[in-house]
Amino acid sequence: MITFTNVTKKYNDLTALSNINLTINDGEIFGLVGPSGAGKSTLLRTINKLEELDDGDIVVTKKKQDNSLSDIDKISVRNLKGKDLRMFRKKVAMIFQHFALLQTKNVYYNIALPLKCMHYKKDVVEKRVNELAEIVGISDKLNNKPNQLSGGERQRVAIARALALEPEILLCDEATSALDPQTTKQILNLLKKINKELGITIVLVTHQMEVVKEICQRIAIIQKGKLLEVGKTEDLFLSSSSALKTLVDDQPILPKDGKSIKLYFPRQYTGDSLITRMARELNIDFSIVWGKLENFGDDVLGSLVINVKDKDFIAVLSYIKNEKISFEVLESEGN
Ligand SMILES: Nc1ncnc2c1ncn2[C@@H]1O[C@H](COP(=O)(O)OP(=O)(O)O)[C@@H](O)[C@H]1O
Ligand SMILES: [Mg+2]
């Protein structure tokens, strides 16, 4: 568990992080989301003390491996230094947008590097590099240099290197922002696999909403160094949180007349049967302005914007409320 308490970070006059309180649970894939310059990377980098705090602390707790009842490892990051900090950083790995590989060295060497730094024996290193390459799917490219790899393959190498010392937490800073959509999906699937099979907690910084929806179980929305909202990803999207709305720019253009209502259909709810039934039972006409199906992890969620005549508005609202569907009345610009 990673617990941020009153975390504050300043760069001279600029308050990059202001009083952040947040808990990230073990085994979670947690997203730090917000516009450029919000403080996402700064917050991520406080976890492994790449940034010093001006106030507050981050405490990382972990139940001990041997299951001894009495003890829980409890590490205060702010006070870490020297050997303790080095040991802690072994458990908190990181990957970046631009991969940060050694360009003159081949894939094998790049993955082996952390193991060599820890002075593991050659045969141990070799066995481990082969295992890691297998996990990330890069076994056939061990002799290639980074410039002989695609972007997705480079990120696979960076992930393998990050896993070398068996971390418990993986920090990802815009790890897919330099990749095309299909490669992004493959890397996200790899991160999901690592999270699930190796039980590694993943904290992920991104400005890409498709990344958030695909992989993050919970997110924190950060803006101007402040924490605006924390919650389950689909809840924030379904409730159409106002903090999230400023980040999502796919809002529909609304008709000037009548009232536009956005309906959210959670999970496998059949939205079309609801609206045809409603039209029939209320004996009204309406138009469909906009609709969308989106993947949230393994779930499919839909949203639909309908436009109804002013005279039907009250009846429609009470019908929807009765169905216990999340909805929102949208303001068109003319209103
Ligand atoms: N080393 C630094 N020195 C001074 N200002 C910085 C430094 N790093 C980041 N900042 C500033 O802190 C704010 C937050 O930056 P950052 O965490 O990188 O944002 P994000 O990752 O959300 O885009 C920005 O205004 C940025 O210019
Ligand atoms: Mg950043």
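Quick caveat: nothing in here was measured; it's all calculated off a predicted structure. (Residues numbered from 1 in each chain as written. Chains lettered and ligands numbered in written order. Predicted model: local features only at pLDDT ≥ 70, side-chain atom pairs only at ≥ 80, totals over all residues. Heavy atoms only, no water.)

Caption draft 1: The arrangement of the packing of helix H3 (residues 107-117) against helix H4 (residues 122-136) in detail. Their axes nearest at 9 Å, the elements H3 and H4 cross at an angle of 120°. Classified by the interaxial angle, the pair formed by H3 and H4 is oblique. Considering how the two elements wind past one another, H3 and H4 form a crossing that is right-handed. Of H4, the residues touching H3 (which contributes Tyr108, Ile111, Ala112 and Leu115) are Val125, Glu126, Arg128, Val129 and Leu132. Along the lines of polarity and charge, the residues of the contact of H3 with H4 split into 7 nonpolar, no polar and 2 charged. (Axes fitted to C-alpha atoms, helices over the stretch in contact; angles between N-to-C directions. Helix = DSSP H or I, 4+ residues; strand = E, 2+ residues; numbered from the N terminus. Parallel < 35°, antiparallel > 145°, perpendicular 65-115°, else oblique. Left-handed = near helix turned anticlockwise from the far one by under 90°. Contact = heavy atoms within 4.5 Å. Nonpolar A, V, L, I, M, F, W, Y, C, P; charged D, E, K, R; others polar.)

Caption draft 2: The site of ligand 1, seen in detail. Taken together, Tyr11, Leu14, Ala16, Pro35, Ser36, Gly37, Ala38, Gly39, Lys40, Ser41 and Thr42 make up the full set of residues adjacent to ligand 1. At 3.4 Å from a nitrogen atom of ligand 1 is found a side-chain nitrogen or oxygen belonging to tyrosine 11. Between an oxygen atom of ligand 1 and a main-chain N or O atom of alanine 38, the distance comes to 3.1 Å. When the free accessible area of ligand 1 is taken as 560 Å², the share hidden by the protein chains comes to 57%. Of all elements in the fold, only strand S2 (14-24) and helix H1 (40-47) reach the threshold of two or more residues within the shell around ligand 1. (Near = heavy atom within 4 Å. Polar contact = N/O pair within 3.5 Å; in protein donor to acceptor, adjacent residues only side chain to side chain. Areas by Shrake-Rupley, 256 points an atom, 1.4 Å probe, with all protein chains shown as cover.)

Caption draft 3: Focus on helix H5 (residues 151-163). Look at H5: 19 Å from first C-alpha to last across 13 residues, which is about the 18 Å you get at 1.5 Å a residue. For H5, a buried count of 11 out of 13 residues is recorded, marking the element as mostly surrounded by other parts of the structure. Within the span of H5, buried status applies to Gly152, Glu153, Gln155, Arg156, Val157, Ala158, Ile159, Ala160, Arg161, Ala162 and Leu163. (Expected span 1.5 Å × (residues − 1). Buried < 20%, exposed > 50% of the residue type's maximum accessible area, 1.4 Å probe, protein only.)

Remember, this is a structural readout, not a statement about activity or role.
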